[in-house]
Structures are given as C-alpha cells and as structure tokens.
Amino acid sequence: MAQDGRQDLCDLTLEELTRFAIEVLAERPYRAAQIYRWIHQRGATDFEQMTDLSRELRQRLPQVARLRPLEQDLAQHSEDGTVKYRFRTRDGKLIESVYLPAEDRKTLCVSTQAGCAMGCTFCMTATLGLQRNLSPGEIVAQVHAVNYQIASKEGGTRPLTNLVFMGMGEPLHNFDNLKTALRILQSEEGPHFSHRHITVSTVGLVPMIERFGKETNVKLAISLNASTDEQRSRLMPINRKWNIEKLLEACRRFPLRQGRRITFEYVLMREVNDADEDAHRLVGLLRDLPAKVNLIPYNENPGLEFHSTGQDRAERFREILAGGQIAAFIRKNRGRDIAAACGQLANLEPSTEGPGGLNASPASRRPPS
Ligand code: SAH
C-alpha cells in the first residue's frame, strides 16, 4: 500500500487484485481480470488506457490505486546490441536492467534490489550498499517497460523470451517480492513466461535456496567464483556464513526437474581464482552434481583492482573442466562499453570520454591480498 493509502496495482497477483476489486472497488471479479491484463499483458501505465472499463470506473480508480512504479531515466545502447535501461523509483532510487538480444532469444537481466547488501569485493553493485528491496511491481515493471519498447520498434506482443534475475541485488534476499513477481510474470493472464525461460542467480543464501526450490519452479544459478573456502570468503563475505560445503549440500538437495542442471557462475579473475589448480578443484567440487559452469571473464571496474583473465587462460580453464566431465562455457561479455556487463551495474553516469570510461569514481577497494 502506498503512503497516500492508494494501492499499487502492479504489486498484486490476479488473486489479490480480484480481492481488491471486490472489497475496495465493489466490482465483479472479471473486472480484476480486465485490469490485470491491461497492466501485465498490454503494459498500460494509465487508467485512461483501459478503454473497456466504464468511464466512471476509470475516474474512480486513480483515487484508490496507482500504476507506473518506475519512470525510465536513461537508455544506453552498446555497439553489440545490448541496451542498458535505467529506471527511477517513486522515491528516487535508480535501478538498471539490461536487454541482451541474441539470434535465438531476447533476454532481460532484471534487478531485484536497489543496491546490494552482499558486499562481494569484486562487484560494482556492492559499492552502493543496500538501498532497499524492490517491490513486486518494481521488478515486474522493468520487464513491461522493456517489452513495450522493443515491441514498439520491432513488433510482437511480448518480444522478450527469457528473464535472468542477475541485475542489481541479491534475489533471494528479497524472496517474498521475487516470488510474487515470478507469479505475475508466469501467469497466463499476464506475460506468461515459461519456467524454462527464467533463471534466478544467488550468492548462496543456503536456507533461501531450499525455499526457492520448494516454492518456485524456475531455474537456479549459483555464483560460486572460487574453488576454496579461503578464496571464496575473501571474495564473497556470505561464504563465512555458508561455506562451499554447505552451499553444495543445499544444491544436492535442490529439487531439480527432469533434465535440468544447476548453473554455476565462475567469474575468472587474473591470478585470483584462474589457476589450473582452481579448475581441478572445481571438478572435484562439482563432480557429483548435475552442474554446468558459466565462466565469466571479469569485467573491470573503476576503483576495483581486479583484472580479467585472458582468453587463452579462460580456454585452458574450460578444457580442464571439460576433461573432468563438467560442461563449461565461456560467456561472452556484452555491453562492456556502456558498463552494462555482469557486475558493472552501479548507476554511474554515462561517460563523456568515450567507450569504457566512467566519470564517477567509487571509493577505491583492493583485491584480497
Ligand atoms: N546477487 C546475485 C545476482 C547477481 S548476478 C548473484 O550474485 O548471483 C551477477 C553475476 O555477475 C554474479 O555471478 C557475479 O559473480 C558476477 N559478477 C559480479 N561482478 C562481476 C564483474 N566485475 N565481472 C564479471 N562478473 C561479475
């Protein structure tokens, strides 16, 4: 509920909106379905667009309800086709979403929090700290806004095909809102995304992985990023609470659908976690899991003194994993020129100094010694 007492309709599942229609609007349930489709299928951001509602209802709605939780603030286009969108919440928080078009899919990388509390030492979003959780409507509105823009350029009713919850924030640290957003995004009367086309990535909040497995049906990705606890604790403070063994234990218990695997993300950082021994240890760790590994060459960030692993090293790392029967892929880094790649989302102003340069400088942080 908004501070002014009006209900944010984008936050509600169809069941909740139906209750609202009956109890607050004194309308029949089918009205709720109409409004829900306007919001979540047709991207309406104003009650006046809902032309099949009576004029009387259209005028009454803004007195008790609101739409449009986000305003678009900026769109930056990369030379590789990636687009970084920046949105402003009503209370002035900035969040980013990244559109990644490919031949066979159109993916949106979605944010779940403004900033992040996890404090990973190599990630730019962590420098913001946690500002706040995004509401279900703010999560969903990123998808609607981008869908709408692509549709108006390229046609189609729902051009986005895949969603990855790998933008700003830790999705499982905002689990209830994530879950509501997933219900809306998967609903038949909404954008109707398939569970096969949605992936949620986590740093490894172990108790939440269990709930995530029980209460949702979408795919799981784990940001592993290290092959020993010592290394991982230095890179990802969460490891001091739930170490690699506990994390992998939770993965073994995870209720996987048939044919599905857990994706492990491993950001390759030069001379930090990219040695042959790391790859061999990784094989040992993942051997008994239905796993696939995404190797992500590190995207360098101003003020963070980590460096990317070269292509040859990345390839060698991949080969060692493959030799140990672990399927591994080197992820292409997209959108680096507009700071839209993994771990670069931090609301920095676009550069005036040409690609790659960023004119804001966060507090300098050092790599682990
Ligand atoms: N908090 C969740 C969701 C964000 S996903 C999670 O961490 O899983 C963002 C991914 O980008 C994570 O796998 C993270 O390890 C990776 N990442 C962070 N900083 C990066 C950087 N500078 N270069 C490449 N990948 C990075």
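Residues numbered from 1 in each chain as written. Predicted model: local features only at pLDDT ≥ 70, side-chain atom pairs only at ≥ 80, totals over all residues. Heavy atoms only, no water.

Quick word on the nonpolar core
- Leu9, Phe122, Leu163, Phe165, Phe264, Leu286 and Leu321 are the most contacted members of the largest nonpolar core, which has 111 residues in total.
- With residues up to four places along the chain from it excluded, the contact list for Phe264 reads Ile222, Leu224, Leu248, Cys251, Leu286, Leu289, Ala291, Lys292, Val293 and Asn294. (Core = buried A, V, L, I, M, F, W, Y, C linked by side-chain atoms within 4.5 Å. Buried < 20%, exposed > 50% of the residue type's maximum accessible area, 1.4 Å probe, protein only. Contact = heavy atoms within 4.5 Å.)

Quick notes on the site of the ligand
- Surveying the vicinity of the ligand reveals 20 residues, the closest of which are Ser201, Ser223, Asn225, Tyr298 and Asn299.
- Here a nitrogen atom of the ligand sits 2.9 Å away from a polar atom, N or O, in the main chain of Asn299.
- Here Asn301 contributes a side-chain N or O atom positioned 3.3 Å from a nitrogen atom of the ligand.
- When the free accessible area of the ligand is taken as 540 Å², the share hidden by the protein chains comes to 95%.
- Of all the secondary-structure elements, those providing two or more residues to the shell around the ligand are strand S10 (198-202) and strand S12 (262-268).
- Grouping the amino acids of the shell around the ligand by side-chain chemistry returns 9 nonpolar, 9 polar and 2 charged. (Near = heavy atom within 4 Å. Polar contact = N/O pair within 3.5 Å; in protein donor to acceptor, adjacent residues only side chain to side chain. Areas by Shrake-Rupley, 256 points an atom, 1.4 Å probe, with all protein chains shown as cover. Helix = DSSP H or I, 4+ residues; strand = E, 2+ residues; numbered from the N terminus. Nonpolar A, V, L, I, M, F, W, Y, C, P; charged D, E, K, R; others polar.)

Brief notes about the confidence of the model for the protein
- Of the residues in the protein, 94% reach a pLDDT of 70 or more, and the chain-wide mean stands at 93.
- Here residues 351-369 is a poorly scored stretch, pLDDT under 50, and it has 37 contacts once near neighbours within four places are set aside; other chains count. (pLDDT = per-residue confidence, 0-100.)

Focus on the environment of Leu17
- Structurally, Leu17 is set in helix H1 (residues 14-23).
- For the pair Leu17 and Ala33, spaced 16 residues apart in sequence, the C-alpha separation works out to 8.1 Å.
- Those residues within four positions of Leu17 in sequence are excluded, and the remaining contacts are Leu9, Leu12, Ala32, Ile35 and Tyr36.

Quick notes on helix H9 (residues 276-286)
- Within the sequence span of H9, burial applies to Asp276, Asp278, Ala279, Leu282, Val283 and Leu286. With its buried residues spanning 160° around the axis, H9 presents them on a single face.
- Where H9 is buried, its residues contact helix H7 (229-235), helix H8 (244-253), S12, strand S13 (291-297) and helix H10 (311-323). (Arc of directions from axis to C-beta.)

Considering H8
- For H8, the full list of buried residues reads Ile244, Leu247, Leu248, Ala250 and Cys251. Along the axis of H8, the buried residues cluster in a sector spanning 150°; they form a single face.
- Where H8 is buried, its residues touch helix H6 (206-215), strand S11 (219-223), H7, S12 and H9.
- For H8, the N-terminal cap is Asn243; the gap from its side-chain oxygen to the backbone nitrogen of Glu245 is 3.2 Å.

Here we look at the packing of H9 against H10
- Running from N to C, H9 and H10 cross one another at 30°; their axes reach a closest spacing of 9 Å. The angle between H9 and H10 places the two elements in the roughly parallel class. Taken as a pair, H9 and H10 cross one another with a handedness that is right-handed. Where H9 approaches H10, its residues Asp276, Asp278, Ala279, His280, Leu282 and Val283 are matched on the opposing element by Arg313, Arg316, Phe317, Ile320 and Leu321.
- Partitioning the contact of H9 with H10 into residue classes produces 6 nonpolar, 1 polar and 4 charged. (Axes fitted to C-alpha atoms, helices over the stretch in contact; angles between N-to-C directions. Parallel < 35°, antiparallel > 145°, perpendicular 65-115°, else oblique. Left-handed = near helix turned anticlockwise from the far one by under 90°.)

Here's the deal with the packing of aromatic side chains
- The tally for this structure, following the rule as stated, stands at 5 aromatic pairs.
- Ring geometry for Phe122 versus Phe306: centroids 6.5 Å apart, planes at 85°, classification edge-to-face. With a gap of 184 residues between them, Phe122 in the loop between strand S7 (113-115) and strand S8 (130-133) and Phe306 in the loop between S13 and H10 connect regions that are remote in the sequence.
- Looking at Phe306, the relative accessible area reads 1%, which means it is buried.
- Taking 5.2 Å as the distance between ring centres and 35° as the angle between the ring planes, the aromatic pair formed by Tyr266 and Phe317 counts as tilted. Residue Tyr266 is located in strand S12, and its partner Phe317 is located in helix H10; the two are separated by 51 residues in the primary sequence.
- In this structure Phe317 comes out as buried when scored by relative accessible area, which is 0%.
- Here the basic side chain of Arg42 rests over the ring of Trp38, its NZ or CZ set 3.8 Å away from the ring centre.
- The ring of Phe193 carries Arg158 above its face, with NZ or CZ at 4.0 Å from the centroid. (Phe/Tyr/Trp six-rings, centres within 6.5 Å; stacked < 30°, edge-to-face > 60°. Lys NZ or Arg CZ within 6 Å of the ring centre and 35° of its normal.)

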